Amino acid sequence: MNHKRIILIFIGIIFVIFGLLAYFNAFYYENHYLIFWFCYLALLVIGIGLIFSEPRLILSQLYIVFIPDIIWGIDFISYLINGKSLMGIVDYFFLEGPIPLKIVTMQHLLVIPVCLVALVYIRDIKNKFPILLISLLELSLFYYLAITFTPEIYNINCVYKPCGNLQISGYYPIIWFAGVFLMISLSYFLVNRFLRDKTDK
């Protein structure tokens, strides 16, 4: 086992720990609705994918979190530079609250670079299109879970209204699914373009 493989396993274990900590926090701080955030499951699945060098597991979650994490990162950097966020998405992070919750939230800055580096190293990725369908089905499931089991005040996975201060008019469920489809399709294109450029060298 070479050192790069050992590093992937180590990072994978950290991701799994972060994922488990996220679920633990939800119950420990008596806010169990948080378990329905799709990014919590993504941490666990990506972690397992890293441990076993399974690119399909990593990609299935990266297609889901790629665009949201970029938006979160832009908003986070904006807050650090200007003292306020552009979209109101990260404002909660800078309010007083439990440190363990903030530690888990920082994963939004780590997932994309870790996944891309890992996928370039693993390389063995065949027929990515079915993975895209799995990502769409997974988000559809999380929509159903959030809309069924969580109150509107928490707006888990932005299923009741846009997250942050974005204002959108129209029939929101259709807007949500259209947005998810566009988001995952764009992620699919950008991620695979990056991987193709790197692995062809």
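Computed from a predicted model, the values in this text were never measured in an experiment.

**Q** Talk me through helix α5 (residues 111–122); I want residue IDs and the actual numbers.
**A** The α-helix advances 3.6 residues per turn, and as a result positions three or four apart in sequence lie on the same side. The terminal C-alpha atoms of α5, which comprises twelve residues, lie 16 Å apart, in line with the 16 Å expected from a rise of 1.5 Å per residue. Looking at α5, one finds that the buried residues are Val111, Ile112, Cys115, Leu116, Ala118, Leu119 and Ile122. One side of α5 holds all its buried residues, which, seen down the axis, span an arc of 165°. At the exit of α5 stands arginine 123, carrying a positive phi of roughly 70°.

**Q** Report on the packing of aromatic side chains, specifying residues and quantitative values.
**A** Applying the stated criterion across every chain, the model contains 15 aromatic pairs. Note on tyrosine 33 and tyrosine 154: the rings are 5.0 Å apart at their centroids and 40° apart in plane angle, and the pair reads as tilted. Placement of tyrosine 33 in the loop between α1 (3–28) and α2 (38–51) and of tyrosine 154 in the loop between α6 (129–149) and α7 (172–199) is noted, with a sequence separation of 121 residues between them. Here the aromatic rings of tryptophan 176 and phenylalanine 177 are separated by 4.9 Å at their centres, their planes lie at 80°, and the arrangement is edge-to-face. For phenylalanine 177, a relative accessible area of 33% puts it in the partly exposed group.

The rules behind these values
Residues numbered from 1 in each chain as written. Predicted model: local features only at pLDDT ≥ 70, side-chain atom pairs only at ≥ 80, totals over all residues. Heavy atoms only, no water. Helix = DSSP H or I, 4+ residues; strand = E, 2+ residues; numbered from the N terminus. Expected span 1.5 Å × (residues − 1). Buried < 20%, exposed > 50% of the residue type's maximum accessible area, 1.4 Å probe, protein only. Arc of directions from axis to C-beta. Phe/Tyr/Trp six-rings, centres within 6.5 Å; stacked < 30°, edge-to-face > 60°.

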